[in-house]
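# Descriptive structure summary
Residues per chain, in single letters:
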Amino acid sequence: MPRTRARCYLRRMTDDAIERFYQQDYDEAARLARGAGLLELLRTQQIIAPHLTGNGLQIADVGGGPGVYSMWLASLGHHVRLIDPVPRHIEQALGQQHSRGSVDPVVGDARRLDLDDDSLDVVLMLGPLYHLQEPGDRAAALTEAMRVLKPGGRLFAAAVSRFASTHDGMARRLLLDPKFVDVSKVDIETGRHENPDRHPDWFTTAYFHHPTELRDEVADADFEHVAVVGIEGLAGWFDDLDQRLNDPQERAAILAALERVQEEPSLLGVSAHLLASGVKPG
Ligand SMILES: C[S@@+](CC[C@H](N)C(=O)[O-])C[C@H]1O[C@@H](n2cnc3c(N)ncnc32)[C@H](O)[C@@H]1O
């Protein structure tokens, strides 16, 4: 399909509210620079880095946004195809510099990857699973990841915890608004998060996973060695997180503590984000 026709098709396929959120209402490029976003970045790197064995790996960063993870992977010498449906994100990624490896940002959708079978060492999917509300769409994205990975290749897929809006509501006092109480109740009951009034602090159309559901979805896509870990843990809700992360000793202590408890089932839902990993058989 020619690139322009593909772009129209993909834009129709992406929920309008999600595209408007990232294209107009919210600058995703700044999210990982401070506070809970910075902790999410540091922890995600801490979890993924030990698995990046080998030089010049072929990686897809599906739902890669403006490219923070792609640039990090390129700085390690890897070759990254960044795929995202939001044109603003692709433009932001194209504007970034990296010294080693390569980054190729293209408009695309997790459910239909323009990549060859068995061609990648690693797939990052840090976004699509929490923006696809229908189970069939999430399954399609995971099936595509499985298709494009080499046998033995590894998937990392992020989800938002079912309880994230309740915890966020307490931490940022959003629950003082009865409308947000209703939103958070629906989130817990159904996992389907909506923000029809485009409230600036209430995110956009999303799906919030229960940790066991995330594990099941990745296992159902036939991945092996499936594991689910909590990313930010309790520390993600600290009010003074920036101050703590700016102190090297505190930063190291927090990262080490979160690593120690990251697989504890009774704590998984406390994290705002969960990270599932799985290996393609063979
Ligand atoms: C919160 S951002 C995360 C960006 C980046 N991966 C990160 O972790 O910082 C979620 C991303 O998922 C992308 N996304 C949403 N639906 C998608 C889909 N169907 N296929 C691919 N990406 C999608 C959005 O455009 C957005 O860039």
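Quick caveat: nothing in here was measured; it's all calculated off a predicted structure.

The helix and strand inventory of the protein chain stands at 12 helices and 9 strands. Its C-alpha radius of gyration of 18 Å places the protein chain within 12% of the 19 Å reference for a compact globule of 282 residues. By its C-alpha atoms, the protein chain is 50 × 40 × 35 Å across when sized along the principal axes. Among the 282 residues that make up the protein chain, the fraction classed as buried is 44%. Residue pairs at least 24 apart in sequence account for 71% of intrachain contacts in the protein chain once pairs closer than 6 positions are excluded.

Turning our attention to helix α7 (residues 135-148). Its 14 residues give α7 an end-to-end C-alpha distance of 20 Å, which sits within 8% of 20 Å, the value for a rise of 1.5 Å per residue. Arg138, Ala141, Leu142, Glu144, Ala145 and Val148 are the residues of α7 that are buried. Buried residues of α7, viewed axially, fall in a sector of 155°; they line one side. The elements touched by buried residues of α7 are β1 (58-62), β4 (120-125), α6 (128-131), β5 (149-161) and α10 (211-220).

The complete set of buried residues in helix α5 (residues 87-94) reads His89, Ile90 and Ala93. When α5 is viewed along its axis, its buried side chains cluster within an angular range of 100° and face the same direction. Residues of α5 that are buried in the fold lie against α2 (16-25), α4 (68-75), β2 (79-84) and β3 (102-107).

Taken together, 23 residues lie around the ligand, and Gly63, Gly65, Ala110, Leu126 and Gly127 are the ones closest in. Sorting the residues of the shell around the ligand by element identifies α2, α4 and α6 as the ones contributing at least two each.

In this section: the confidence of the model for the protein chain. Per-chain confidence: the protein chain averages 95 in pLDDT, with 95% of residues scoring 70 or above. Contacts for the low-pLDDT stretch residues 1-13, under 50 throughout, to residues beyond four places or in other chains number 9 contacts.

Summarising burial for β1: 4 of the 5 residues are buried, a large majority. Across 5 bridges, the pairing between β1 and β2 is parallel. For Val62, the partnering residue across the bridge sits in β2 and is Ile83. Inspection of the sheet shows β1 paired to β4 by 4 bridges, in the parallel sense. For Asp61, the partnering residue across the bridge sits in β4 and is Leu124.

Okay, the packing of helix α3 (residues 35-48) against helix α12 (residues 248-261) next. Two elements in contact, α3 and α12, have axes whose closest approach is 11 Å; the angle formed by their N-to-C orientations is 55°. With respect to α12, the element α3 is oriented oblique. Viewed along their axes, α3 and α12 form a crossing whose handedness is right-handed. Touching Leu42, Arg43 and Gln46 of α3 are Leu255, Leu258 and Glu259, all from α12. By residue class, the composition of the contact of α3 with α12 is 3 nonpolar, 1 polar and 2 charged.

Mapped onto the secondary structure, Gly278 falls in strand β9 (residues 273-279). Measuring from C-alpha to C-alpha, the distance between Gly278 and Val218 comes to 7.1 Å, with 60 residues separating the pair along the chain. Other than its neighbours up to four places away in sequence, Gly278 contacts Leu155, Val218, Phe223, Glu224, His225 and Val226.

Turning our attention to the pairing of β2. Counting buried residues along β2, 5 of its 6 residues qualify, which places the element largely inside the surrounding structure. Of the crossover connections in this fold, the one passing from β1 over α4 to the parallel β2 is right-handed. With 6 bridges connecting them, β2 and β3 associate as parallel partners. In the strand pairing of β3, Val80 is matched with Val103. Once the chain exits β2 it traverses α5 before rejoining the sheet at β3, and the crossover so formed is right-handed.

Before going further, it helps to examine the nonpolar core. In this structure, Ala60, Val123, Leu124, Met125, Ala158, Leu274 and Ala276 are the most contacted members of the largest nonpolar core, which totals 67 residues. The leading source of residues in this core is β5, at 7 residues. Other than its neighbours up to four places away in sequence, Ala158 contacts Met125, Leu126, Gly127, Leu129, Tyr130, His273, Leu274 and Leu275.

Bringing the environment of Leu149 into the picture now. Turning to its location among the elements, Leu149 is positioned in strand β5. Judged by the 26 C-beta atoms lying within 10 Å of it, Leu149 is buried. Considering only alpha carbons, one finds Leu149 and Gln58, 91 residues apart in sequence, at a separation of 9.5 Å.

Rules behind the numbers
- Residues numbered from 1 in each chain as written.
- Predicted model: local features only at pLDDT ≥ 70, side-chain atom pairs only at ≥ 80, totals over all residues.
- Helix = DSSP H or I, 4+ residues; strand = E, 2+ residues; numbered from the N terminus.
- Rg over C-alpha atoms; globule rule 2.2 N^0.38 Å.
- Buried ≥ 20, exposed ≤ 12 C-beta atoms within 10 Å, placed from the backbone.
- Contact = placed C-beta atoms within 7 Å.
- Expected span 1.5 Å × (residues − 1).
- Arc of directions from axis to C-beta.
- Near = placed C-beta within 6 Å.
- pLDDT = per-residue confidence, 0-100.
- Pairing = 2+ DSSP bridges.
- Axes fitted to C-alpha atoms, helices over the stretch in contact; angles between N-to-C directions.
- Parallel < 35°, antiparallel > 145°, perpendicular 65-115°, else oblique.
- Left-handed = near helix turned anticlockwise from the far one by under 90°.
- Nonpolar A, V, L, I, M, F, W, Y, C, P; charged D, E, K, R; others polar.
- Right-handed = clockwise from strand over helix to strand, strands pointing away.
- Core = buried A, V, L, I, M, F, W, Y, C linked by C-beta atoms within 7 Å.

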